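Structure assessment
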Amino acid sequence: MSPQPQAAVGAPLSRVDGRLKVTGQALYAAEHDVEGVLHAVIVDASIGAGRITSVDTGAAEQHPGVLRVIHHRNAPKLPYRDNPGSNNPEGRRLRVFQDDKVLFHGQPVAVVIATTLEAAQHGASLVRVGYDAQQPSTHMPEATPDEPTRYARGDVEAGLRDAAVRLDLTYRMARNHQNPMEPHATIARWNGDRLTVWDKTQWVVGTQDELSTVFGLPKEAVRVISPFVGGGFGSGLRCWPHTVVAALAAREMKRPVKVVLSRRQMYFGTGFRPSYEYRLRLGSDRRGRLTATDHEMDAETSSYEKFEEAIMLAGQMFYSTPNVRQAYRKVPLDVNTPLYMRGPGFANASFAIESAMDELADRLGVDPIELRLRNEPAEDESKGLPWSTRKLRECYTVGAREFGWDRRDPEPRSTRDGDWLIGLGMAAAVYDPGRFPAQARIRLDADGTAVAEAATIDMGPGTYTSQTQVAADALGLTMRTVTFRLGDSRYPPTPPHGGSMTMTVVGSAVLDGCNKVRGQAIKLAVEDERSPLYGVEAEDVVVRNGRLHVRDNPARGETYQRLLTRNRLTHLEAVGAYTGAPEPARHSYFSYGAVFTEVGVDATLGLVRVRRMLGVYDVGRIVSPKLADSQALGGMVGGIGQALLEHTVTDHRDGRIVNANLADYLVPVNADIPALKAIYLEGEDPDADPLGVKGIGEVVQVGVAAAIANAVYNATGRRIRELPITAEALI
């Protein structure tokens, strides 16, 4: 078949679901109208470690409206069947209400079910739980780490010994919480042995797998529905205990049950970006060419699960380095399990690596961009593979020109604006977008409209819109005649909505399915003696606005509607598939960027304000410029939060999170956000996937914190190696 004309892809279109959202018609997890629903409120452990010795539910059960209180002493034992396909295949998980152990502060220890939310809330406050408390281990420097995951090439000690310049630097990064606007919530309903949940999740298939594992059900007996998600940033990438609690309570009550986490509960009821200590030793020759890097990384995890993320990859491949050694140690603590947060692994690694590169440039008297150019690798030295695309040089060039980098004075504290010290900083960015198998079902109806379905999610990037754009062009239809459906585990399976993979994997599956359906229609037309296209070569037929015609003779053709109606067909249908990354890999596949920022630092108070920021990105083909801008600017905002504001504080005496609210856990607000701009390099990545796209959602936060820290140094002459950057560190 001939390539289709592209009318929707690449156009700055508004969101197809925008009207639903601004008019309140988009239904989020807690808003679905499920008949007969009861309300449940979870009672959280008030100790950080130990055992439950008593549960007094008398006062709660006597409160009007309260129907039942479930806890470990009266809850049914759940099978937690081994399921290799689940999103927790090793079986290490929090087993809700199955024993008297308390593993972290805030762990669910009971749930109160009532006829109203108010009754459930008050009933929860009346439950009295006794404990045999132990001192929790929540402070990483005082805990014992696991054996490290290691990587090495070359001879690091020799490379450091022979280096003309050596740096030994330690960076610390605070724990961050995702804090999406929509709280996590689940409504669960049983129909015999079949379970339906309306859940806030970034992975309906993963939640389906987990619930089938916990309750010992066939996978097809669990349905997960999640049509709209009000932000996630990674917090919905797994099934959390409250979803199990809702399903358990609904089965016990034989009625639907709704659980909505409070803002406070989200700090221990879902995941977080773990805190890190990252020691980086590096050496270079006198021209700044790296001779060796040695990375030692410690990160917190929970005592009952081992969470890890891709903290090591950037240090292996980003710069040309003959000698590299890494040790990544997970430190088990009495905390709930961390989870991926925007730019997982890479956002933290880039803070250490890109800050160190800036410090090396300053030591050598070399411009930071020039130093990076001198260390540009010709290939991925960790894999011995060529790049699919790597346009970092162009990112630097375009960014420097558009930002006015040539006006930067390399001498710290040399530029002022009244009481403000002004500094410019930059950092490079990299991310490894996921490429996993996905499917999509496409149906073209006889009325000339089409429906595409996939079990993916839209937590804000605009999946409804971007997938409609791909389908519309591939089928030769207008946007208004295509409907994309998502958020239901009954649709064809897809991987998680995260890791910068949705456009790649779901988009490629949608493209494949639409190509198959269009091919069916073209074959039908060219073999139908009654069609104006009879006898035409299939590769000479294209479709525009629902009309099939000869590419060089638009007058010769007919509509989908006429073709299907004449052949007495109600529809054409196909399942499209994307098989994932090729095996063995032919190329090294990453997204890239360069971030430039200007900060002002109050010379007296030490306050840091970002004044402007520019990101230039090599992310392949841009399907929707409007959505890309939304992603890029949002990532920059997240990076500003990571750099200057966000810090989860734990009271190590009992494991309590001190600032578990949006008054004390600081996130950027409009007043914190200056002029932000994103530029996308033209071109596509033909080796990445059939669409030629690369992920953008994660890379846009990577490098932001380092660029801000480097700008703070240029403004003040102070190197800050701990996030967030506080006024106390600068005065």
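You'll find the structure just up there.
Here's what I pulled together on the structure shown here. Just so we're clear, the structure is a prediction, and the values are computed from it rather than from any experiment.

Reading the values: rules and limits
Residues numbered from 1 in each chain as written. Predicted model: local features only at pLDDT ≥ 70, side-chain atom pairs only at ≥ 80, totals over all residues. Heavy atoms only, no water. Pairing = 2+ DSSP bridges. Helix = DSSP H or I, 4+ residues; strand = E, 2+ residues; numbered from the N terminus. Phe/Tyr/Trp six-rings, centres within 6.5 Å; stacked < 30°, edge-to-face > 60°. Buried < 20%, exposed > 50% of the residue type's maximum accessible area, 1.4 Å probe, protein only. Patch = residues over 30% accessible without salt bridge, like charges linked within 9 Å, V, L, I, M, F, W, Y side chains within 5 Å. Areas by Shrake-Rupley, 256 points an atom, 1.4 Å probe, with all protein chains shown as cover. Salt bridge = Lys/Arg side-chain N within 4 Å of Asp/Glu carboxyl O. Lys, Arg positive; Asp, Glu negative; His and termini not counted. Charge placed at Lys NZ, Arg CZ, Asp CG, Glu CD. Polar contact = N/O pair within 3.5 Å; in protein donor to acceptor, adjacent residues only side chain to side chain. Contact = heavy atoms within 4.5 Å. Core = buried A, V, L, I, M, F, W, Y, C linked by side-chain atoms within 4.5 Å. Axes fitted to C-alpha atoms, helices over the stretch in contact; angles between N-to-C directions.

A sheet is described by the order of its strands in space; here 3 strands give the open sequence β4-β2-β6, paired in antiparallel fashion. A strand with exactly one partner marks an edge of an open sheet, and here the two such strands are β4 (101-102) and β6 (128-133). Strand direction decides the pairing type here: strand β2 (residues 50-56) and β6, joined by 6 bridges, are antiparallel. Each bridged residue has a counterpart across the sheet, and for R51 the counterpart in β6 is D132.

Our focus in this paragraph is the packing of aromatic side chains. Counted by the stated rule, this structure contains 14 aromatic pairs. On the numbers, 4.8 Å between centres and 50° between planes, the contact of F318 with Y319 is tilted. Grouping residues by exposure puts F318 and Y319 together as buried. Relative to Y592, the ring of W387 has its centre 6.3 Å away and its plane inclined at 90°; by these criteria the two rings are edge-to-face. Highlighted residues: W387 in the loop between α10 (368-374) and α11 (392-403) and Y592 in strand β25 (residues 591-602), separated in sequence by 205 residues. A relative accessible area of 12% means that W387 is categorised as buried. Taking the relative accessible area as the measure of exposure, Y592 reaches 0% and is therefore buried. Site record: aromatic cluster; members linked through ring pairs are Y28, F228 and Y464.

Among the surface-exposed residues, E537, E539, D540 and D552 lie close enough to one another that they form a single negatively charged patch. Mapping E539 onto the fold places it in the loop between α13 (502-526) and β21 (541-544). Taking the relative accessible area as the measure of exposure, E539 reaches 40% and is therefore partly exposed.

Let us look at the side chain of R281. Position of R281 relative to the elements: it lies in strand β13 (residues 276-284). At 3.1 Å, the side chain of R281 forms a polar contact with the side chain of E157. What R281 contacts, discounting residues up to four positions off in sequence, is E157, L160, L167, D168, A292, T293, D294 and R325.

Below, the discussion takes up the side chain of N323. With respect to the helices, strands and loops of the structure, N323 is situated in the loop between α8 (313-317) and β15 (324-333). The buried category is assigned to N323, whose relative accessible area is 13%.

We now examine the nonpolar core. Counting residues in each nonpolar core, the largest one holds 91 residues, and the members touching the most others are Y278, F596, V599, M613, Y617, I708 and I725. When near neighbours in sequence (up to four residues on either side) are disregarded, V599 contacts L421, I422, G423, V608, R609, V610, R611, I708, A711, V712 and A715. Ranked by size, the runner-up nonpolar core spans 49 residues in total, among them A26, V510, L533 and L572.

Okay, the sheet that holds strand β20 (residues 482-485) next. Pairing is mixed in the open sheet, where 4 strands are placed in the order β20-β19-β18-β24. Each edge of the open sheet is held by one strand with a lone partner, namely β20 and β24 (571-578). Strand-to-strand twist across the sheet, computed as the mean angle between neighbouring axes with direction ignored, equals 15°. As defined by bridge partners, strand β18 (residues 438-445) adjoins β24 across 8 bridges and the pair is classed as antiparallel. Residue pairing across strands places R441 opposite V575, the latter belonging to β24. Lying over the sheet, α13 contacts β18, β20 and β24, oriented at roughly 145° with respect to β24.

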